[in-house]
Amino acid sequence: SLVDESAAEENIELLRIVQRCESEHESVLRELQSRSATLCGHDGVKRRSNPLRPELMVRAVWEAADVLGLAGGARRALLRALAEPLSRALGGVFADALAQLEAMGIEPAAWRATALPGR
């Protein structure tokens, strides 16, 4: 099948920023995810427990940049330029959300080991 080169470049750029946010704020994100799981009533921590997942935040910025009417290459350049300040700003959002959950007395849900398929 044919691959849309522009879409592939877009996904790569978005993934780079998501990975940067996840690596720079790993401990806060894990703690936020576990407390969000408690709020969601999950019996364990799931990736989707955290409504502030970096991939959702980065995708929202990408879609907001579309409003500017920029072509794909210009939007990717904008996102590259925003990577560092966006990660820093999201880190503050994650830390603030975690502090609020802690202040409300929300306990973290338990992390559970999962078996690998076929074992």
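Being a predicted model, the structure only gives us computed values, none of them experimental.

Q: How should the overall build of the protein chain be read in this particular structure?
A: Tallying secondary structure elements over the protein chain gives 4 helices and 0 strands in all. Along the chain direction, N to C, the helices and strands of the protein chain fall in the order α-α-α-α. Within the protein chain, the proportion of its 119 residues that are buried is 31%. Here the analysis covers contacts within the protein chain between residues at least 6 apart in sequence; of these, 70% occur between residues at least 24 apart. Surface summary for the protein chain: the accessible area is close to 7600 Å², and the carbon and sulfur share equals 55%.

Q: Looking at this model, I keep getting lost on the layout of surface pockets. Mind explaining?
A: Size it by volume and the largest pocket reaches roughly 210 Å³. Lining the largest pocket are 11 residues, and of these E22, L29, R30, Q33 and R47 sit closest to its centre. At the level of elements, helix 2 (26-40) and helix 3 (54-66) are the ones that each hand at least two residues to the lining of the largest pocket. Here the element with the most residues in the lining of the largest pocket is helix 2; it accounts for 4 residues. In terms of residue class, the lining of the largest pocket is made up of 3 nonpolar, 2 polar and 6 charged.

Q: Please clarify how the packing of aromatic side chains should be interpreted in this entry.
A: Centre distance and the angle of the planes are the two values used to describe a pair of aromatic rings. Summed over all chains, the structure comprises 0 aromatic pairs. Here the basic side chain of R75 rests over the ring of W62, its NZ or CZ set 3.9 Å away from the ring centre.

Calculation notes
- Residues numbered from 1 in each chain as written.
- Predicted model: local features only at pLDDT ≥ 70, side-chain atom pairs only at ≥ 80, totals over all residues.
- Heavy atoms only, no water.
- Helix = DSSP H or I, 4+ residues; strand = E, 2+ residues; numbered from the N terminus.
- Buried < 20%, exposed > 50% of the residue type's maximum accessible area, 1.4 Å probe, protein only.
- Contact = heavy atoms within 4.5 Å.
- Areas by Shrake-Rupley, 256 points an atom, 1.4 Å probe, with all protein chains shown as cover.
- 1 Å grid on protein atoms, 1.4 Å probe; cavity = no way out; pocket = protein on both sides within 12 Å on 5 of 7 lines; lining within 4 Å.
- Points joined across faces, edges and corners; volume = space filled by probe spheres on them.
- Nonpolar A, V, L, I, M, F, W, Y, C, P; charged D, E, K, R; others polar.
- Phe/Tyr/Trp six-rings, centres within 6.5 Å; stacked < 30°, edge-to-face > 60°.
- Lys NZ or Arg CZ within 6 Å of the ring centre and 35° of its normal.

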